[in-house]
Amino acid sequence: MSKSNELTKTAGAFDVRNFIGVLLAIFGIILTFAGIFGFTPDEAERTGGVDANLWTGIGLIITAAVFLIWAKLRPIRIVETPDDATDTGTEAAPGTD
């Protein structure tokens, strides 16, 4: 088909990268707060003085930002033809036209 007969949409909020980015951000924020407010000397002893929750939370927030920026800069494009847009979703039985 020619390009004049095609309609282009983006996946928008239904892009899986948005879901992944939001979930990573939520977990990252929770771990960052746990690292800031819940780091005890006992945990420092077990992890060798490294605040594992804080650094993991920061890493997850950075990864979430990468996913969300990627989804914004390179959206998934869905190409529909005019026939697809007017399709009722029903199909004829095999052998009938």
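Right above here is the structure, for reference.
Residues numbered from 1 in each chain as written. Predicted model: local features only at pLDDT ≥ 70, side-chain atom pairs only at ≥ 80, totals over all residues. Heavy atoms only, no water.

*Asks:* So what's going on with a nonpolar patch on the surface? Which residues, and what values?
*Replies:* Residues V22, L23, I26, F27, I30 and L68 make up a contiguous nonpolar surface patch of roughly 540 Å² in combined accessible area. Element by element, the count of residues in the nonpolar patch is highest for helix α1 (residues 16-37), at five residues. Along the chain, V22 turns up in helix α1. Given the relative accessible area of 43%, V22 is considered partly exposed. (Patch = residues over 30% accessible without salt bridge, like charges linked within 9 Å, V, L, I, M, F, W, Y side chains within 5 Å. Areas by Shrake-Rupley, 256 points an atom, 1.4 Å probe, with all protein chains shown as cover. Salt bridge = Lys/Arg side-chain N within 4 Å of Asp/Glu carboxyl O. Helix = DSSP H or I, 4+ residues; strand = E, 2+ residues; numbered from the N terminus. Buried < 20%, exposed > 50% of the residue type's maximum accessible area, 1.4 Å probe, protein only.)

*Asks:* Describe α1, and please don't skip the residues or the numbers.
*Replies:* Three or four residues apart is the spacing at which side chains of an α-helix point the same way, because the helix has 3.6 residues per turn. Taking 1.5 Å as the rise per residue, α1 with 22 residues should run 32 Å; its terminal C-alpha atoms sit 32 Å apart, in good agreement. Here α1 has its buried residues at R17, G21, L24, G28, T32 and G35. For α1, the buried positions fall inside an angular range of 70 degrees around the axis, keeping them on one side. Turned more than 90 degrees off the buried face of α1, the exposed positions are I30 and F37. Taken together, the buried residues of α1 touch α3 (52-73). (Expected span 1.5 Å × (residues − 1). Arc of directions from axis to C-beta. Contact = heavy atoms within 4.5 Å.)

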